[in-house]
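Survey of secondary and tertiary structure
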Amino acid sequence: MMTLNPFPSLNDPQVLADVTAMSDRYEKALGENILHELDALFYDGAETVRYGVRENLYGFEEIQAFRRARTGGSPPREVLRRVVTAVGQDVATVDLEFRRIGAEKIGRQSQTWFRTPDGWKIIAAHVSLMGAGS
């Protein structure tokens, strides 16, 4: 017996494919510290928020300044698991677990993407590291 999705607006295959590709672009840009690409992936507006491991950034300009001030970029990491969820045609979330190379703590990243006239953009992001024993 086939089960029908009670929420047909969830996980449209094309939206999942598009946002997964954007997440791949983000991971490549992050790993290679390609600042112009990271800038292009975030929505350029005061509404954009990024909570990091040690910083809270409000608005595109604060996020951009943070990236430029961080010597060497983000520490290298390995993605352990990723879940992409599409909510309708214009919003999706990307949640992943990662481990920084040479570290034991597990990191977590959540992003909210939305479709703009210029393509998919991140409007909210949160990065955290799990404590010892977590």
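Structure first, text after, so check above.
Given the structure is predicted, the values throughout are model-derived calculations rather than measurements.

Here the focus is the overall build of the chain. Within the chain one finds three helices and six strands. Against the compact-globule benchmark of 14 Å for 134 residues, the chain has a radius of gyration of 16 Å, which places it among compact chains. Considering only contacts in the chain between residues 6 or more positions apart, those separated by 24 or more positions represent 47%. Accessible area of the chain: about 8000 Å², with a carbon and sulfur share of 55%.

Now for the packing of aromatic side chains. All chains considered together, the criterion is met by three aromatic pairs. With centroids separated by 5.8 Å and ring planes inclined at 75°, the aromatic side chains of tyrosine 51 and tyrosine 58 adopt a geometry described as edge-to-face. Exposure remark for tyrosine 58: the relative accessible area of 44% places this residue in the partly exposed category. For arginine 77, the ring lying beneath its charged end belongs to phenylalanine 98, and the centroid distance is 4.3 Å.

Below, the discussion takes up helix α1 (residues 13-32). The terminal C-alpha atoms of α1, which comprises 20 residues, lie 29 Å apart, in line with the 28 Å expected from a rise of 1.5 Å per residue. Along α1, the residues that are buried comprise Val15, Val19, Met22, Ser23, Tyr26, Glu27, Ala29 and Leu30. Relative to the axis of α1, the buried residues are bounded by an arc of 165° and lie together on one face. Pointing more than 90 degrees away from the buried face of α1 are the exposed residues Pro13 and Gly31. Considering only its buried residues, α1 is in contact with α2 (35-41), α3 (60-69), β3 (77-87), β4 (91-100), β5 (106-116) and β6 (119-129). Count one or two residues on from α1 and you reach asparagine 33, which has phi positive near 55°.

Let us look at the environment of threonine 71. Along the polypeptide, threonine 71 turns up in the loop between α3 and β3. Among the residues examined, threonine 71 registers a relative accessible area of 79% and is labelled exposed. On a C-alpha basis, the gap between threonine 71 and asparagine 33 in space is 9.7 Å, while along the polypeptide they are 38 residues apart.

A surface patch of nonpolar side chains, amounting to about 190 Å² of accessible area, comprises Leu10, Val87 and Val91. Along the polypeptide, leucine 10 turns up in the segment before α1.

All right, on to the layout of surface pockets then. The volume enclosed by the largest pocket comes to roughly 210 Å³. Elements that contribute at least two residues to the lining of the largest pocket include exactly α1, α3 and β4. Among the residues making up the lining of the largest pocket, the classes are represented as seven nonpolar, three polar and seven charged.

Each value, and the rule that gives it
Residues numbered from 1 in each chain as written. Predicted model: local features only at pLDDT ≥ 70, side-chain atom pairs only at ≥ 80, totals over all residues. Heavy atoms only, no water. Helix = DSSP H or I, 4+ residues; strand = E, 2+ residues; numbered from the N terminus. Rg over C-alpha atoms; globule rule 2.2 N^0.38 Å. Contact = heavy atoms within 4.5 Å. Areas by Shrake-Rupley, 256 points an atom, 1.4 Å probe, with all protein chains shown as cover. Phe/Tyr/Trp six-rings, centres within 6.5 Å; stacked < 30°, edge-to-face > 60°. Buried < 20%, exposed > 50% of the residue type's maximum accessible area, 1.4 Å probe, protein only. Lys NZ or Arg CZ within 6 Å of the ring centre and 35° of its normal. Expected span 1.5 Å × (residues − 1). Arc of directions from axis to C-beta. Patch = residues over 30% accessible without salt bridge, like charges linked within 9 Å, V, L, I, M, F, W, Y side chains within 5 Å. Salt bridge = Lys/Arg side-chain N within 4 Å of Asp/Glu carboxyl O. 1 Å grid on protein atoms, 1.4 Å probe; cavity = no way out; pocket = protein on both sides within 12 Å on 5 of 7 lines; lining within 4 Å. Points joined across faces, edges and corners; volume = space filled by probe spheres on them. Nonpolar A, V, L, I, M, F, W, Y, C, P; charged D, E, K, R; others polar.

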